[in-house]
Every structure is written in C-alpha cells, then in structure tokens.
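The residues making up each chain are set out below.
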Amino acid sequence: MTVGLMLVRLLERYGVDTVFGIPGVHTAELYRGLAGSRIHHVTPRDEQDAGFMADGYARASGKPGICLLITGPGLTNAITPMAQARADSIPMLVISGVNARVTLGRYEGHLHELPDQAAMIRTLALSSERLERPEDLPSLIDRAFAMMAKGRPGPVHIEIPTDLMEAEVAALPFAAAPEKPDSGIDHGAVERAARTCAAAARPLILAGGGAVWAEAEIRDLAERLDAPVVTTTNGRGLLAGHPLEVPASPSLAAIRELMRDSDLVIAIGTQFGPTDYDAYVDGGFIPPGNLIRIDRDGTAESGNAPATVFIKGDAAEATGLLCSHLPPAGVSKAGATRATDARDAARASLSPKMKAMIEVLSSIRDTLPDATMVGDSTQLAYAGNLYWEASNPRRWFNAATGYGALGYGPPAAVGASVALGDAPVICLVGDGGFQFCLGALGAARDENTPVIFVVWNNHGYQEIEDYMLSRDITPIGVRPSAPDFTMIAAAYDIPAERIRLCETDHQDALAPGQLDLTPLDHALQAARKRGGPALIEIIAP
C-alpha cells in the first residue's frame, strides 16, 4: 500500500463520504485510491469554491468538510474559506500536497513552491502538520479528527510531501474501538448555574451557531425557566414557532432592551462577536451583568463577556445536565409575553426596505418549507439576519457575519446540497457577489444538485453604495456591470428565468405589501418540480 492509498482508507474509516478538490500533478497520487473507494469526489472550478463547498457540507451534515488541494496556489486559494470556517467554528480538514522534502525552505523556484507553506497556514488553521514519515499518516489523521471533535471546531491542515505520496507503507493498522471520551464538564459549575437559574425572575437565553445541535435541550431549558430564546444568525431556526422564540439580531435596540431587562442571561454556543452583537458599530452592546456561559471553547471564559458561571462543554450535553438540576416547567413567569413584545418591537424598528425583503424570504420559506437557505453577503441575507424565522435549525446560514467573505453563498449552497441529497437548497446571492463564483453553477450541474440560485440583482454593490452615501462619500466602484445571469445558466444547461416583483425600479417601491410575490412563488414551484439546479434572477426595485 502507498501513502496515497492509505490516506483514502483512513478517510473511509472516519466515515468520510465526500471530498472537494481539483486534482493536479502534485496530488495525482492521492487520487489513486479514490476510484475504488466509497468516497465521492466533487470538482469545483477553483479551490476557493472547494473550501466554501466543504463549509456548506459541514454545516448541513454536522460532519467535517474535506478538501483535497494541490501544493501552493491550490492551498492559497483556499485561505479565505479556511478563515471563514475559523470565524464560524466550522470543522474542515484541508489535505494538501507540499513540495519534496529536500526542497523545503530553499525557495529555488520549484513548481507551486512557497517559502514556508505550513507556517502560513498556521496563522489561521487550528493546526498544520506535515507528514515526515509514511508510517505516521494514521496518527496525523487521528489527531486531525480529534481536534475537530473537541473544543471549538475550525479548519485543520495536513500537508503531504510529493516524494512521500508513492512511498510504500505497511497494511492499514488495526482500528481499536474508540473509547467514549469523558465530557470533562465541571458538575460543580453546573450546580452553581442551577442555583443561579433558580434565583432569577426574568431569565433570557441567547443561542448561537454552537447550539444548533442542541434544540431539544434548549427547548427544555427555556420551558423550565420560562425564558425567551434569542437566536443569532447562525442559531436561527432553533425553537421555530415556539412562543418563547425571538428570531432577531441582538444588535437591535429592542433585543438589547430585553437583555438589559433580564436579571440572568444564559449564553449557549455564542461568541458575543461584534457582527452579531454590535452590527451597527455603535458601541451599544453591554455584556450582561449576571451571565451563565456554555461553550466548547475554554478560552471563551475570559472573553469579551465575563461569566458569572462558565460551563465548558458540548451545548447539548451541558444544557441537558443543567436541565436535570432544575424543576420541571411550572407556572408561567410571563416569558412568552416578554418574547412577543421583543419580537414585535424588533420587527417594528426595521426600515420599510428591510421589511419588504423579509417578506420575500418568508415567501420562499412558505413556498418550499423544507428548503435550506444559504446566503452570500447580500441585502436579502442582511435583512434575514436582522429578523427572520427559519423553519428549523441549520436551515439558515450565510457569510454576512463573522469573517464576511463575499462569494461564499453559491459554492456553500452546492456543498450543503451534496450533504442533503434531494432536499431543496436556496442560494441567496447578489449580482455583485455572484460574479466572484459563477463557476459554482458548473459544479451544481455536474452534481445535479437541487440548488435554486436566487439572484437579487440590484445593479451593483447596493449595500456599500448606501453606506458611502450615508457617510457623505461620493460612491465609487460600486456599479460593476453584470452579465446576463440567465444566459450564463443556460450555457451550463440550467433552467433560468428573470422576474420582477413590482412594476417600477424606484426604491420607494420596495416597501411592505408593495411587492407582488406571485411570480417568485411560481418560479420556485416550477424549479422544484423539475429537480436539479435552477436560477431565478430578481430585478430588484
């Protein structure tokens, strides 16, 4: 067996069923075993798309996204998606080649050579390790998956020198039955948290992206405490339709008022990052004075929101333990009323333009209720991040918070669709952002993924233009010309249509109740009925 063959077998052992990458002369030997394996290979049109596809796959499936990339430019192309994954705590394993060991550190002009590839990646990955001996490959893979499974997830990198890819190794080592690791949760901290909860009269729960696999436990906790649950962008969909749910940004004044009025805040899987808690950069976020934090990342204990009680551990397990120390749900403490008031006030505070775009999102959700909505940095996503109710956890995510990479949405939607199979995926993307990654259409066609690309065409970088105008800056560089997206889709043999939601292009037309959403509903239904990828271009007023 060679190193390349063993790599494929080791990935299979960890349940990997999909890898995203583009083969090259520096990784061809790693591909030798793929054809006879259970692993499906998805070919993007560049490595940045490969990374974003792996990110979307991981968010939809709960499993690490795997990239297989060439040395040098293949890996540097993936730096942006790795940084996005690091910001949003997404498990991603990036396996790349690196030049032959004898050439490393000399920088003599070899193909795809970097001065120090691993050192560059260590600045953003959780770790970057190089294979030095063929027999060490199993331990490198084991460490990579262990790192993604404990603590705060993120990207992990392994590089394999080209001179070792064909090296012979002994048979795959015996895989011992994995021991169930000790959760390490401090039960004393759980008991202190329970006593703090029992003393609270107006508790509140904040749930972030680290809580999306703990919905049952968070619902139980919320009902026991009669506590409203505010969901951040990546936590959206938790407790969908529940009287205690508040699907609104903590940056809104109404939600900040709810936090100030609460005598206890329980934060589960949320980083308290400014793009969630201070999106308007007004400095108005004040960390809660009485705070219980539940987080897998131990460094969060000393972060920007000091905790009264900190519980380090998995969101579902730690929240479940906390519930076991609390009495069952009893007489209401008016939590549902507090949640209703916060929801109403948050939505009322939005501009007519944002409310109209929320109507567009709600129409999409109601037409295709089982769809996952993956967004780029576009106005539709910004509106939904401020206030919108997803139908379930993990049905709403985008790159408009955290690292904020433009061009994320289309490839991430393809990756999510690969993970979800026949379930529909809606990609929300603007005409500007889509031009970063038009090749995602080709990957969607190759995989026949049921992704419906909804292009919000507002004729450029409208969000940036509005910001420049608000600062009395003459807008420059915000009106890049756009191609005919329907013709590009047709070139990939993807059905496409262009629609308008109102009779005028004037911005004042973008107001609640002024849009005719019937053309969008019909286009979505037709695309879903056909199956496979489709594109709907909306000419924004």
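Refer to the structure above for everything that follows.
What you see is a predicted model; the values in this text were computed from it and never measured.

A. Structural context of the side chain of E465. Take E465: it is sitting in helix α18 (residues 462-470). For E465, the contacting residues outside a window of four places in its chain are P475, V478 and R479.

B. Main features of unusual backbone geometry. Even without a glycine there, the phi angle at D226 is positive, about 55°. Mapping D226 onto the fold places it in the loop between α8 (215-225) and β8 (229-231).

C. Spotlight on the sheet that holds strand β17 (residues 496-500). Read across the sheet, 6 strands follow the order β14-β13-β15-β16-β18-β17 without closing on themselves; strand pairing throughout is parallel. Edge positions in the open sheet fall to β14 (396-398) and β17, since each of these has one partner strand only. The sheet shows a mean angle of 20° between the axes of neighbouring strands, direction not considered. As paired strands, strand β13 (residues 372-375) and β14 are joined by 3 bridges and run parallel to one another. Across the sheet, residue M373 finds its bridge partner in β14, namely W396. Sheet contacts for helix α15 (residues 409-420): β13, β14, β15 (425-430) and β16 (451-457); angle to β15, the most-contacted strand, approximately 175°. Against the sheet, helix α20 (residues 518-530) contacts β15, β16, β17 and β18 (534-539), and its axis sits at roughly 170° relative to β18.

D. Structural detail: the sheet that holds strand β11 (residues 291-295). In spatial order, the strands read β9-β8-β7-β10-β11-β12; together these 6 strands make up an open sheet with parallel pairing. The open sheet terminates on both sides in strands that have one partner only, identified here as β9 (245-246) and β12 (309-312). Note that β11 and β12 share 4 bridges and pair parallel. Residue pairing in the sheet places I292 in a bridge with V309 of β12. Against the sheet, α8 engages β7 (203-207), β8 and β10 (264-268), with an angle of about 165° to β7. This element, helix α11 (residues 315-324), spans β10, β11 and β12 of the sheet and lies at about 140° to β11.

E. Quick look at the nonpolar core. With 57 residues, the main nonpolar core has L206, V360, I426, L428, W456, L501 and L520 as its most contacted residues. Considering every element that reaches this core, the biggest residue donor is helix α13 (residues 352-367), with 7 residues. In contact with W456, not counting residues within four places along its chain, are M357, V360, T378, Q379, L380, V429, G430, D431, L501, L510, I538 and A540.

F. Representation of the packing of aromatic side chains within the structure. Within the structure shown, the criterion is met by 9 aromatic pairs. Seen from their ring centres, Y14 and F145 are 4.1 Å apart, and the 5° between their planes marks the pair as stacked. Note that Y14 is positioned in the loop between α1 (3-13) and β1 (18-21) and F145 in helix α6 (residues 137-149), a separation of 131 residues in sequence. The class for F145 is buried, based on a relative accessible area of 10%. Where F52 meets Y408, the ring centres are 5.3 Å apart and the plane angle is 75°; that geometry is what we call edge-to-face. On the criterion of sequence distance, the pair formed by F52 in helix α2 (residues 47-61) and Y408 in the loop between β14 and α15 is long-range, its members being 356 residues apart. Note that R394 overlies the ring of W213, its terminal NZ or CZ placed 3.7 Å from the centroid.

G. The packing of α2 against helix α4 (residues 79-88), seen in detail. Here α2 crosses α4 at 25°, and the two axes come no closer than 7 Å. When the axis of α2 is compared with that of α4, the two are roughly parallel. Only T80, P81, Q84, A85 and D88 of α4 make contact with α2, whose side of the interface consists of Q48, G51, F52, D55 and R59. Across the contact of α2 with α4, the residue classes break down as 3 nonpolar, 4 polar and 3 charged.

H. Up close: the side chain of E537. Summarising the element assignment, E537 is placed in strand β18. You can call E537 buried: its relative accessible area is 2%. Residue contacts for E537: discarding those within four places in its chain leaves V455, N457, F485, T486, E497, R498 and I499.

I. Highlighting the pairing of β7. Most of β7 sits inside the fold, with 5 of its 5 residues counted as buried. Here β7 shows two buried faces, one formed by P203, I205 and A207 and the other by L204 and L206. For β7 and β10, the ladder comprises 5 bridges, and the chain directions are parallel. Across the sheet, the residue bridging to A207 is I268, located in β10. Bridge count between β7 and β8: 3 bridges; the pairing is parallel. Residue A207 lies in a different strand from β8, and its bridge partner there is T231. The parallel pair β7 and β8 is bridged by α8, and the resulting crossover is right-handed.

J. Fine view of helix α7 (residues 187-198). Compared with the 16 Å implied by 1.5 Å per residue over 12 residues, the 16 Å span of α7 between its first and last C-alpha is a close match. Within the sequence span of α7, burial applies to A189, V190, A193, A194, T196 and C197. The buried side chains of α7 occupy one side of the element, clustering within an arc of 160° when seen end-on. Opposite its buried face, α7 presents the exposed residues R195 and A198, each directed more than 90 degrees away. Tucked into the core, α7 has its buried residues touching α8, β10, β11, β12 and α11. Backbone nitrogen of G188 and a side-chain oxygen of the N-cap are separated by 2.9 Å at the start of α7; the cap is D186.

The rules behind the values
- Residues numbered from 1 in each chain as written.
- Predicted model: local features only at pLDDT ≥ 70, side-chain atom pairs only at ≥ 80, totals over all residues.
- Heavy atoms only, no water.
- Helix = DSSP H or I, 4+ residues; strand = E, 2+ residues; numbered from the N terminus.
- Contact = heavy atoms within 4.5 Å.
- Pairing = 2+ DSSP bridges.
- Axes fitted to C-alpha atoms, helices over the stretch in contact; angles between N-to-C directions.
- Core = buried A, V, L, I, M, F, W, Y, C linked by side-chain atoms within 4.5 Å.
- Buried < 20%, exposed > 50% of the residue type's maximum accessible area, 1.4 Å probe, protein only.
- Phe/Tyr/Trp six-rings, centres within 6.5 Å; stacked < 30°, edge-to-face > 60°.
- Lys NZ or Arg CZ within 6 Å of the ring centre and 35° of its normal.
- Parallel < 35°, antiparallel > 145°, perpendicular 65-115°, else oblique.
- Nonpolar A, V, L, I, M, F, W, Y, C, P; charged D, E, K, R; others polar.
- Right-handed = clockwise from strand over helix to strand, strands pointing away.
- Expected span 1.5 Å × (residues − 1).
- Arc of directions from axis to C-beta.
- Polar contact = N/O pair within 3.5 Å; in protein donor to acceptor, adjacent residues only side chain to side chain.

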